[in-house]
Number of protein chains: 2
Amino acid sequence: MSRVRNRVNKEAWKKLREVCIIGTGMHKFGRWPDKGVEAMSRVAIQEALDDAGVEFDDIQAGWCGRVSNITSTGLNVFGAMARNGILVDNVEKACASSSTAVRIATWAVAAGIYDVVLCVGVEKMERGLVTAGVGGAGGDPLDAFFAYQMGLFLMPAEYALRAVRHMSEFGSTPEQFAQVSVKSHKNALMNPYAQYQIDMSLQDVMNDVMIADPLTRSMCAPSTDGAAATVICAKEVAHKYKGKPITIAGWSSGTPEYNPRAVGDDVTEGFVRRMGQEAYDLADVTPKDIKVLQVHDAFAPGEIFAIEELGFCEEGKGGQFVWDGAADIDGEVAVNTDGGLESRGHPMGATGIAMLAEIVKQLRGEAGDRQVPGDPEYGMIQNMGVGGCNIFILKT
Amino acid sequence: MSRVRNRVNKEAWKKLREVCIIGTGMHKFGRWPDKGVEAMSRVAIQEALDDAGVEFDDIQAGWCGRVSNITSTGLNVFGAMARNGILVDNVEKACASSSTAVRIATWAVAAGIYDVVLCVGVEKMERGLVTAGVGGAGGDPLDAFFAYQMGLFLMPAEYALRAVRHMSEFGSTPEQFAQVSVKSHKNALMNPYAQYQIDMSLQDVMNDVMIADPLTRSMCAPSTDGAAATVICAKEVAHKYKGKPITIAGWSSGTPEYNPRAVGDDVTEGFVRRMGQEAYDLADVTPKDIKVLQVHDAFAPGEIFAIEELGFCEEGKGGQFVWDGAADIDGEVAVNTDGGLESRGHPMGATGIAMLAEIVKQLRGEAGDRQVPGDPEYGMIQNMGVGGCNIFILKT
């Protein structure tokens with residue numbers, strides 16, 4: 001840990017302008033074989049602009065997150081807005097691409113360079129892309145070669161190994177992991193943008209096709225097409241627009257201190273814990289303040305690991321936490337209220353903004369049937385990608 | 001022009017910290033079939049760190065620019081540095097990818113979020129990629145279809161059409177365009193990092209294989225492999241390191257106000273002029289202050305267009321300007337002193353930082369045989385990509 005060098009200058013951050021999200025929009029996640037990234041993005045962008053009450057011509061700069069075929073995507077999806085002459089950059093950080101877009105946008109607005117900007121995340125995924133796996137990127141070629149030979153190049157295998165170790169060290173059970181998916185599917189029933197709106201019992205999840213023991217198919221994020229967009233603006237000008245502003249209170253970003261010869265939680269646990277701590281520190285809050293949380297459950301155990309690593313329960317108790325309903329909508333902290341990656345879907349480039357959109361809805365009290373009770377003041381997202389993580393803490 | 005909405009808040013920019021470049025490094029540009037992006041980047045990164053006198057562990061964040069196969073590149077090329085836990089993002093803006101990395105890094109440092117960061121640009125190019133062309137991206141599918149049918153989807157054709165229109169409107173000649181390439185090749189003879197170190201006479205250039213009349217092969221940027229890196233830091237901490245700081249005095253970035261039904265300079269001329277003006281404005285300088293300039297001569301006429309659009313001569317006089325030697329190393333403004341895209345080479349993701357590296361060398365007085373005389377105080381780059389442009393003005 002002593003080698004970590006990326007700590008943000010908090011004093012400097014506090015001197016910058018406050019930044020908020022004033023609008024979000026999404027194209028329903030799912031399989032959209034007949035729609036291109038442009039068509040999906042247009043729907044998400046228009047919804048975000050309408051939500052914010054911001055005109056097309058008010059947008060001063062833009063960032064686009066996408067993973068596959070990113071080249072020139074921003075130009076294409078911003079379309080006529082780009083033809084207004086605004087700067088549009090493309091950014092990529094695997095499954096954390098669009099939260100990277102939002103982070104960069106946040107800096108530019110906080111620094112005063114722009115007042116009102118737009119971020120878009122979009123993806124068209126090949127069937128089986130996630131399960132085919134991009135894991136192991138970032139290691140050196142020899143590591144990757146051995147990882148592949150051992151089946152570790154496949155994301156489900158990586159998560160399954162961590163899950164098995166968690167079971168062995170802490171006594172968590174396959175049923176607890178499965179319960180994550182049961183909860184996700186239940187939440188997604190109340191989210192019209194979700195890819196899957198299917199009620200699944202514990203037995204349904206446990207009896208689904210086995211992918212990598214203990215992970216069955218419904219404990220893995222699907223391949224998804226979709227788009228999400230958000231309008232970011234300086235708090236001092238937010239009153240000009242109708243969208244209720246939700247402030248970006250803190251953020252963090254970094255890369256795992258990666259030990260390519262480690263397996264299980266040795267690889268990343270300290271990392272997410274550190275990232276969470278940096279974001280809490282920047283926002284001057286603790287986990288107790290966070291009432292709604294979206295985490296990167298690309299595979300069901302991921303939610304349990306994140307709940308522990310972000311400090312919502314003791315190490316090793318995450319499985320029980322979920323099993324006891326503490327992560328339910330009316331629990332201690334509502335986790336993945338929109339269905340998470342597993343049920344809302346995971347179009348890689350769009351996931352980060354979708355997470356933020358859910359927190360914005362929850363903090364505004366606009367989440368409908370899945371609204372977290374008690375007027376939550378703070379919400380948080382943890383968006384992981386190969387090579388990094390972006391965390392945001394939002395406040396009303 | 002009235003639709004342009006991306007003007008930077010100059011007052012806010014002036015309140016931020018001054019940012020400088022304290023080190024640059026490159027892997028020699030050329031054809032490197034046996035080297036991956038990691039191997040080339042490592043050479044460029046080490047050279048940049050050595051030049052700056054910055055240790056590996058001092059780097060707090062990183063950005064990587066690449067066009068093809070960008071996914072996870074940053075993580076791979078930063079290697080053990082990423083394993084220190086620092087944030088590493090990938091950014092893409094076609095041929096302006098690595099200058100986009102530098103712009104975002106500049107914001108983060110100016111805002112005080114980080115003190116010392118690293119940017120890398122890298123590319124491995126398929127043979128013929130540029131001449132096969134990515135032009136036309138950004139238009140709608142129907143425009144792209146017609147553009148392709150008309151041969152306009154090919155970059156050389158786009159530049160050739162603009163060149164022919166320039167000849168027709170202003171009386172410029174194929175010899176003037178060819179002279180750009182003669183000068184570039186002459187300058188590249190003095191640049192050990194250049195892909196081509198071949199002396200070419202006007203006759204050699206004019207008699208080369210015709211690609212798109214009036215552009216012969218040596219008037220087109222080649223396909224290139226290469227990497228470039230730069231260490232960016234806050235001016236207030238630059239004294240801690242040995243690299244002589246060169247200040248980022250101004251920048252601009254935007255997207256052409258694109259009219260897909262226009263051809264020739266209608267498409268972009270107003271754009272580069274506007275971008276140049278924004279950068280001059282931010283840096284409080286005029287073209288008269290700039291003594292060394294790297295422009296995006298993906299094709300030879302591009303240098304002439306840029307010289308005009310950036311205000312170094314009247315509209316239509318750029319051909320004569322180059323022909324008269326005013327863009328030579330000892331001319332009014334030394335243009336593409338390192339050989340430019342045509343002779344130094346154009347590994348898309350690396351080009352922007354290579355341009356900056358040349359300006360840094362020139363302003364430090366470290367450019368050896370190709371040193372611009374008279375201790376230049378200001379230098380400028382114009383890095384174009386499909387979908388945008390980044391301009392930087394540097395000062396000693």
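The structure under discussion appears in the preceding block.
None of these values were measured; they are calculated from a predicted model.

The rules behind the values
Residues numbered from 1 in each chain as written. Chains lettered and ligands numbered in written order. Predicted model: local features only at pLDDT ≥ 70, side-chain atom pairs only at ≥ 80, totals over all residues. Heavy atoms only, no water. Contact = heavy atoms within 4.5 Å. Buried area = accessible area lost by both parts, 1.4 Å probe. Salt bridge = Lys/Arg side-chain N within 4 Å of Asp/Glu carboxyl O. Polar contact = N/O pair within 3.5 Å; in protein donor to acceptor, adjacent residues only side chain to side chain. Axes fitted to C-alpha atoms, helices over the stretch in contact; angles between N-to-C directions. Helix = DSSP H or I, 4+ residues; strand = E, 2+ residues; numbered from the N terminus. Parallel < 35°, antiparallel > 145°, perpendicular 65-115°, else oblique. Left-handed = near helix turned anticlockwise from the far one by under 90°. Nonpolar A, V, L, I, M, F, W, Y, C, P; charged D, E, K, R; others polar. Least-squares fit on C-alpha atoms with pLDDT ≥ 70 in both. Phe/Tyr/Trp six-rings, centres within 6.5 Å; stacked < 30°, edge-to-face > 60°. Buried < 20%, exposed > 50% of the residue type's maximum accessible area, 1.4 Å probe, protein only. Lys NZ or Arg CZ within 6 Å of the ring centre and 35° of its normal. Pairing = 2+ DSSP bridges. Expected span 1.5 Å × (residues − 1). Core = buried A, V, L, I, M, F, W, Y, C linked by side-chain atoms within 4.5 Å.

Visitor: I would appreciate a short explanation of the interface of chain B and chain A in the present structure.
Guide: Think of interface size as the accessible area that goes away when the parts come together; that is how it is often given. With 57 residues of chain B in contact, the opposing surface of chain A contributes 57 residues. In this assembly, chain B packs against chain A so that about 4700 Å² is buried in total across both faces, 51% of it on carbon and sulfur atoms. Summed over the shared surface of chain B and chain A, the result is 4 salt bridges. Among the salt bridges present, the one from Lys93 of chain A reaches Asp89 of chain B, with a minimum N-O distance of 2.8 Å. Where chain B meets chain A, there are 18 residue pairs in polar contact (both at pLDDT 80 or more).

Visitor: Where do I start with the packing of helix α7 (residues 155-170) of chain A against helix α11 (residues 300-309) of chain A in this structure?
Guide: Geometrically, a packed helix pair is captured by the angle between its two axes and the distance between the axes. Residues and elements named next belong to chain A. Two numbers describe how α7 lies on α11: the axes approach to 10 Å, and their chain directions differ by 60°. One finds that α7 runs oblique with respect to α11. Handedness of the crossing formed by α7 with α11: left-handed. Here Tyr159, Arg162, Ala163 and His166 of α7 come into contact with α11, specifically with Pro301, Gly302, Ile304, Phe305, Glu308 and Glu309. Among the residues making up the contact of α7 with α11, the classes are represented as 5 nonpolar, 2 polar and 3 charged.

Visitor: Would you take a moment to explain the relation of the copies chain B and chain A for this structure?
Guide: Note that the two copies of the chain are related through a rotation about an axis and a translation along the same axis. Relative to chain A, chain B is turned by 180° and slid 0.0 Å along the rotation axis, the superposed coordinates differing by an RMSD of 0.0 Å. Within this description, the copies of the chain are treated as partners about a two-fold rotation axis. Among all C-alpha atoms of chain B, that of Val91 of chain B lies closest to the rotation axis, at 2.2 Å. Most of the interface of chain B is mirrored in chain A, where 100% of its interface residues are also at the interface.

Visitor: Before we go on, may I ask you to explain the packing of aromatic side chains in this structure?
Guide: We describe a pair of aromatic rings using the distance from one ring centre to the other and the angle between the two ring planes. All names here are of chain A. Taken as a whole and assessed by the stated rule, the structure comprises 10 aromatic pairs over all chains. Centroid distance Tyr159 to Phe299: 4.8 Å. Interplanar angle 45°. Geometry classified as tilted. Of this pair, Tyr159 sits in helix α7 while Phe299 sits in the loop between β9 (290-294) and α11, placing them 140 residues apart in sequence. The two residues Tyr159 and Phe299 agree in class, both being buried. The ring of Trp32 is capped by Lys35, whose NZ or CZ atom sits 4.7 Å from the centre of that ring.

Visitor: Got a minute to help me understand the pairing of strand β1 (residues 19-30) of chain B in this structure?
Guide: Along any regular strand the residues' side chains alternate between the sheet's two faces. Residue and element names in this part refer to chain B. In terms of burial, β1 is largely enclosed, as 11 of its 12 residues are buried. Pairing analysis gives 9 bridges linking β1 to strand β7 (residues 225-234), with the strands arranged antiparallel. Note on β7: the bridge partner recorded for Val19 is Ala234. Relative to strand β8 (residues 246-254), β1 runs antiparallel, the two sharing 2 bridges. The residue bridging Ile21 from the neighbouring strand is Ile246, located in β8.

Visitor: Is there a simple way to think about helix α4 (residues 97-110) of chain B in this case?
Guide: Residue pairs spaced three or four apart in an α-helix point in one direction, given the helix's 3.6 residues per turn. Residue and element names in this part refer to chain B. The end-to-end C-alpha distance of α4 is 20 Å, a good match for the 20 Å that 14 residues give at a rise of 1.5 Å each. Burial within α4 is extensive, with 14 of its 14 residues counted as buried. Phi for Gly112, located one or two positions after α4, is positive at around 90°.

Visitor: What is the right way to look at the pairing of strand β2 (residues 61-65) of chain A in this model?
Guide: Residues and elements named next belong to chain A. Judged by how many residues are buried, β2 sits mostly within the fold: 5 of 5 residues are covered. Burial along β2 is two-sided: Ala61, Trp63 and Gly65 facing one way and Gly62 and Cys64 facing the other are all buried. In this structure, β2 lies alongside strand β3 (residues 87-92), joined through 5 bridges in parallel fashion. Paired with Trp63 across the two strands is Asp89, which belongs to β3.

Visitor: What is the right way to look at the pattern of salt bridges in this model?
Guide: Between side chains of opposite charge, pairing is possible as soon as their charged atoms come close. All names here are of chain B. Here the structure, examined in full by the defined rule, presents 38 salt bridges over all chains. One salt bridge connects Glu236 with Arg17, and the closest N-O pair in it is separated by 2.9 Å. Within this pair, whereas Glu236 is found in the loop between β7 and β8, its partner Arg17 is found in the loop between α1 (10-15) and β1, the two being separated by 219 residues in sequence. Given a relative accessible area of 51%, Glu236 falls into the exposed group. Residue Glu358 is joined to Arg370 by a salt bridge in which the shortest nitrogen-to-oxygen separation is 2.7 Å. Taken together, the positions of Glu358 in helix α14 (residues 351-364) and Arg370 in the loop between α14 and β11 (378-385) put the pair 12 residues apart, joining distant regions of the chain. Taking the relative accessible area as the measure of exposure, Arg370 reaches 4% and is therefore buried.

Visitor: Explain the packing of helix α4 (residues 97-110) of chain A against helix α14 (residues 348-364) of chain A here, please?
Guide: Residues and elements named next belong to chain A. Where α4 contacts α14, the axes come no closer than 4 Å and their chain directions differ by 60°. Between α4 and α14, the crossing angle belongs to the class labelled oblique. Across the interface between the two elements, Ser97, Ser98, Ser99 and Val102 from α4 touch Gly349, Ala350, Thr351, Gly352, Ile353 and Leu356 from α14. Here the residues of the contact of α4 with α14 sort into 4 nonpolar, 6 polar and no charged.

Visitor: Is there a simple way to explain the environment of Gln195 of chain A in this structure?
Guide: All names here are of chain A. Of note, Gln195 is situated in the loop between α8 (174-188) and α9 (202-206). Taking the C-alpha atoms as reference, Gln195 lies 39 Å from Lys14; in sequence the two are 181 residues apart. Those residues in contact with Gln195 that sit more than four places away from it in its chain are Phe29, Gly30, Arg31, Pro222, Ser223, Thr224, Ser343, Arg344, Gly345 and His346. Within the structure, Gln195 has its side chain in polar contact with the backbone oxygen of Ser223 (distance 3.2 Å).

Visitor: Just checking my understanding: could you explain the nonpolar core for this structure?
Guide: In globular proteins that are soluble, nonpolar side chains generally tend to be buried together. Trp63 and Tyr114 of chain A together with Trp63 and Tyr114 of chain B are the most contacted members of the largest nonpolar core, which has 256 residues in total. The leading source of residues in this core is α14 of chain A, at 9 residues.

Visitor: Would you mind showing me how to read α14 of chain B here?
Guide: All names here are of chain B. With 14 residues, α14 ought to run about 20 Å at 1.5 Å a step, and its terminal C-alpha atoms sit 20 Å apart, in line with that. Summarising burial for α14: 14 of the 14 residues are buried, a large majority. Among the residues trailing α14, Gly365 stands out with phi positive, at a value near 75°.

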